[in-house]
Amino acid sequence: MKLNIVFENENFIAIAKPSGMLSVPDRKQSEPSLKDFLKQKYGEIFTVHRLDKHTSGLILFAKNSETHKQLSQLFQDRAIEKVYVGIVHGTLRPASGTVNVPIMEHPAKDGRMLAHSKGKLSVTDYETIEIFKNYSLVRFQIHTGRTHQIRIHAQYLGQSIVGDELYGDGRGIYLSAIKKKYNLSKDQWEERPIMGRLALHSSKMQFELLGEQFVLEAPLSKDFTATLEQLRKNN
């Protein structure tokens, strides 16, 4: 596998993870993870944080135990600025704001989480960047790191992330939903989505480590960029 390296030094590596790949191995070791590929290349590698399997974008791994300890502490102290972009169904009202709604594990213990007063503190700032026909592009900044935090807070706002099967209807973006006079080509039996996965991307992290400031950014993946082009073209 060719790694999409955003930044690398002797202490840590920042990767642009593709959608559909596990960040770290699951309990069943059911499929290769990004960490597995990094271990093949570097030997010892340390998990600092995780991205959901279907979320693309920036993720950090430490190369030694001391840096692992330092980066983990920065995450714990909320000293890392973490920015995501996502496409949601419809429009958010209000267009920008802060969601301060606790999150807990779902009683069914099936991998889902739940917005609930008995949960842990969870804070997300959001800002609508662009509004399209039936969809919106939104910038999210998370101040806590709960599992599925952005996905749950988007659902709480009444508009789930596109392609979210856990907290929405799972439906992707189809050209027929945004383009007038759309017709299938003669060799097509059914329409395929232009965005058929979770439309969420970890785009930026900013932090200070050992007296040095780091601002790391992962460009949008090709499918995300192509989808935005179609949304703008047919708006």
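**Comments concerning the overall build of the protein chain**
Okay, step 1: A count of helical and extended segments in the protein chain gives 4 helices and 12 strands.
Okay, step 2: Considering only C-alpha atoms, the protein chain reaches an extent of 60 × 45 × 35 Å along its principal axes.
Okay, step 3: Evaluated residue by residue, the protein chain yields a buried proportion of 44% over its 235 residues.
Okay, step 4: For the protein chain, the share of sequence-separated contacts (at least 6 apart) that also reach a separation of at least 24 residues comes to 62%.
Okay, step 5: Of the accessible surface of the protein chain, which amounts to about 12800 Å², a share of 47% is contributed by carbon and sulfur atoms.
Okay, step 6: The positive charge centre, built from 33 side chains, and the negative charge centre, built from 26, are 5 Å apart in the protein chain.

**Remarks on the nonpolar core**
The nonpolar side chains of a soluble globular protein tend to be buried, and buried together.
Okay, step 1: Counting residues in hydrophobic clusters, the biggest one holds 39 residues, and the most contacted among them are Ile87, Phe140 and Ile161.
Okay, step 2: Put simply, the parts of the chain that give this core at least two residues each are strand E2 (12–17), helix H1 (34–42), strand E4 (56–62), strand E5 (81–89), strand E10 (135–142), helix H3 (149–156) and helix H4 (222–233).
Okay, step 3: Among the elements that make up this core, the one with the highest residue count is E10 (5 residues).
Okay, step 4: Phe12, Leu60, Phe214 and Leu216 belong to the second-largest nonpolar core, a separate cluster that totals 18 residues.

**Some points on H1**
Okay, step 1: Buried within H1 we find Leu34, Lys35 and Leu38. In a view along the axis of H1, the buried residues occupy a sector of 90°, so they form one face of it.
Okay, step 2: Its buried side turned inward, H1 meets E2, strand E3 (46–47) and E4.
Okay, step 3: Downstream of H1 by one or two residues, glycine 43 has phi in the positive range, about 85°.

**Comments concerning the side chain of histidine 153**
Okay, step 1: Note that histidine 153 resides in helix H3.
Okay, step 2: Within the structure, histidine 153 has its side chain in polar contact with the side chain of threonine 124 (distance 2.7 Å).
Okay, step 3: Discounting residues that sit within four places of it in the chain, histidine 153 has contacts with Val99, Val101, Ile103, Ser122, Val123 and Thr124.

**Regarding the pairing of strand E9 (residues 123–131)**
Okay, step 1: With 5 bridges connecting them, strand E6 (residues 96–100) and E9 associate as antiparallel partners. Paired with threonine 98 across the bridge in E9 is aspartate 125.
Okay, step 2: Sheet topology note: the E9/E10 ladder contains 7 bridges and is antiparallel. Considered in E10, the bridge of glutamate 127 is made with arginine 139.
Okay, step 3: Between E9 and E10, which pair antiparallel one after the other, the connecting turn spans 3 residues, and asparagine 134 there sits at a positive phi close to 75°.

**Side note on the pairing of E10**
Okay, step 1: Most of E10 is tucked away: 7 of the 8 residues are buried.
Okay, step 2: The sheet contact formed by E5 and E10 spans 8 bridges and is antiparallel. When the bridges of E10 are listed, valine 88 appears paired with serine 136.

**Concerning the pattern of salt bridges**
Okay, step 1: Overall, the coordinates contain 8 salt bridges when judged by the stated rule.
Okay, step 2: In this structure, a network of salt bridges that share partners links the residues Asp52, Arg151 and Asp164.

**Observations concerning helix H2 (residues 65–76)**
What sets the pattern is the α-helix's 3.6 residues per turn: residues three or four places apart point alike.
Okay, step 1: Compared with an ideal rise of 1.5 Å per residue, which puts 12 residues at 16 Å, H2 spans 16 Å between its outermost C-alpha atoms and is within 8% of the ideal.
Okay, step 2: Within H2 the residues assigned to the buried category are Thr67, Leu71, Leu74 and Phe75. In an axial view of H2, the angular spread of the buried residues amounts to 100°, which keeps them on one side of the axis. Those residues of H2 that are exposed and aimed more than 90 degrees away from the buried face are Lys69 and Gln76.
Okay, step 3: Buried positions along H2 lie against E2, E4, E5 and strand E11 (200–209).
Okay, step 4: Phi turns positive one or two residues past the end of H2, at arginine 78, with a value near 60°.

Cut-offs applied
- Residues numbered from 1 in each chain as written.
- Predicted model: local features only at pLDDT ≥ 70, side-chain atom pairs only at ≥ 80, totals over all residues.
- Heavy atoms only, no water.
- Helix = DSSP H or I, 4+ residues; strand = E, 2+ residues; numbered from the N terminus.
- Buried < 20%, exposed > 50% of the residue type's maximum accessible area, 1.4 Å probe, protein only.
- Contact = heavy atoms within 4.5 Å.
- Areas by Shrake-Rupley, 256 points an atom, 1.4 Å probe, with all protein chains shown as cover.
- Lys, Arg positive; Asp, Glu negative; His and termini not counted.
- Charge placed at Lys NZ, Arg CZ, Asp CG, Glu CD.
- Core = buried A, V, L, I, M, F, W, Y, C linked by side-chain atoms within 4.5 Å.
- Arc of directions from axis to C-beta.
- Polar contact = N/O pair within 3.5 Å; in protein donor to acceptor, adjacent residues only side chain to side chain.
- Pairing = 2+ DSSP bridges.
- Salt bridge = Lys/Arg side-chain N within 4 Å of Asp/Glu carboxyl O.
- Expected span 1.5 Å × (residues − 1).

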